[in-house]
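Analysis of the macromolecular model
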Amino acid sequence: MRPQPGGHAGDWLRRYKDLPPAEQERALQNDTGFRRLPPAQQQQLRQRLQHFSGLPPQQQLRMLNRMETWEHLTPGQKQQARQIFGQIKQLPPDRQRAVGTAIHDLRPMTPEQRERIINSDRFKGMFSEQEREMMRGATRLPLAPAEGSEVGPPE
């Protein structure tokens, strides 16, 4: 299930996502990279596959696109994304949703528009300086848009 040299993140899922569970399991067993993994990691990947297979097709496609985007980030960008979204995850759930929604709404704007909104009196009244800094960092990263208020790197 790991990307092959020259392959892309999500290739395995794209190839086998429409097969019945028994055939997906057979494909896993025939994958040499999967067989080399420790049993605990194999089980974790099976659980992720089961979860993925239960998602609606549109959500599967969004997840595959986010995996592809993630693959093209530099190691520094990946670290920055993990740090920012780790900070967001430490917020209370209602603040996570508010910050996630703001990031989602800010992402399609130009950098100048985003900065103007983040620095507006309205946002200053709605968000702490720390939350607005998280928004700045998240919207500067070349990530695929998060769905709804779901924010975070795909890993």
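See above for the structure.
Figured I'd write up the structure that's included with this text. Fair warning: this is a prediction, and the values are worked out from it, not measured in the lab.

**Some thoughts on the nonpolar core**
Among the nonpolar cores identified, the biggest contains 18 residues, and Ile 88, Val 99 and Met 135 are the most heavily contacted of them. Where this core is concerned, the elements lending two or more residues are helix H6 (75-89), helix H7 (93-106) and helix H10 (129-140). Contact partners of Val 99, with chain neighbours within four places excluded, come to Ile 88, Leu 91, Phe 127, Glu 131 and Met 135.

**Let's talk about the packing of aromatic side chains**
All chains considered together, the criterion is met by two aromatic pairs. Measuring from ring centre to ring centre gives 4.6 Å for Trp 12 and Tyr 16, while their planes differ by 45 degrees; the resulting arrangement is tilted. Of this pair, Trp 12 and Tyr 16 both sit in helix H1 (residues 11-16), four residues apart, roughly one helical turn. Relative to Phe 127, the ring of Phe 123 lies with its centre 5.0 Å away and its plane at 50 degrees, an arrangement referred to as tilted. The class for Phe 123 is buried, based on a relative accessible area of 6%. Residue classification places Phe 127 among the buried positions, given a relative accessible area of 5%.

**Regarding the packing of helix H8 (residues 111-118) against H10**
Look at H8 against H10: their axes get within 11 Å of each other, and the N-to-C directions meet at 170 degrees. Here H8 is positioned roughly antiparallel relative to H10, judged by the angle of their axes. Packed against H8, whose contacting residues are Arg 114, Glu 115 and Ile 118, the element H10 presents Arg 132, Met 135, Arg 136, Thr 139 and Arg 140 at the interface. Of the residues assigned to the contact of H8 with H10, the class counts are two nonpolar, one polar and five charged.

**Focus: the pattern of salt bridges**
Applying the stated criterion across every chain, the model contains eight salt bridges. Where Arg 46 meets Glu 25, a salt bridge forms, and the shortest distance between an N and an O atom there is 3.0 Å. You can see Arg 46 sitting in helix H4 (residues 39-53) and its partner Glu 25 sitting in helix H2 (residues 21-30), a full 21 residues away along the chain. One salt bridge in this structure joins Arg 136 and Glu 115, with 2.8 Å as the shortest N-O distance. One end of the pair, Arg 136, is in helix H10; the other, Glu 115, is in helix H8, and 21 residues separate them in sequence. What emerges from the salt-bridge pattern is a single network uniting Glu 115, Glu 129, Arg 132, Glu 133, Arg 136 and Arg 140.

**Considerations on helix H5 (residues 57-71)**
Compared with the 21 Å implied by 1.5 Å per residue over 15 residues, the 21 Å span of H5 between its first and last C-alpha is a close match. Among the residues making up H5, those that are buried are Gln 60, Leu 64, Arg 66 and Trp 70. Projected down its long axis, H5 carries its buried residues within an arc of 160 degrees, all on one side. Opposite the buried face of H5, at more than 90 degrees from it, the exposed residues are Pro 57 and Gln 58.

**Here we look at the packing of H7 against H10**
At a minimum axis separation of 10 Å, H7 and H10 run at an interaxial angle of 40 degrees. Looking at the two axes, H7 sits oblique to H10. Between H7 and H10 lies a crossing whose hand is right-handed. In this structure, H7 contributes Arg 95, Val 99, Ala 102, Ile 103 and Leu 106 to the contact, and H10 contributes Glu 131, Met 135, Ala 138 and Thr 139. When grouped by side-chain class, the residues that make up the contact of H7 with H10 number six nonpolar, one polar and two charged.

Definitions and cut-offs
- Residues numbered from 1 in each chain as written.
- Predicted model: local features only at pLDDT ≥ 70, side-chain atom pairs only at ≥ 80, totals over all residues.
- Heavy atoms only, no water.
- Core = buried A, V, L, I, M, F, W, Y, C linked by side-chain atoms within 4.5 Å.
- Buried < 20%, exposed > 50% of the residue type's maximum accessible area, 1.4 Å probe, protein only.
- Helix = DSSP H or I, 4+ residues; strand = E, 2+ residues; numbered from the N terminus.
- Contact = heavy atoms within 4.5 Å.
- Phe/Tyr/Trp six-rings, centres within 6.5 Å; stacked < 30°, edge-to-face > 60°.
- Axes fitted to C-alpha atoms, helices over the stretch in contact; angles between N-to-C directions.
- Parallel < 35°, antiparallel > 145°, perpendicular 65-115°, else oblique.
- Nonpolar A, V, L, I, M, F, W, Y, C, P; charged D, E, K, R; others polar.
- Salt bridge = Lys/Arg side-chain N within 4 Å of Asp/Glu carboxyl O.
- Expected span 1.5 Å × (residues − 1).
- Arc of directions from axis to C-beta.
- Left-handed = near helix turned anticlockwise from the far one by under 90°.

That is the geometry; function is a separate question.
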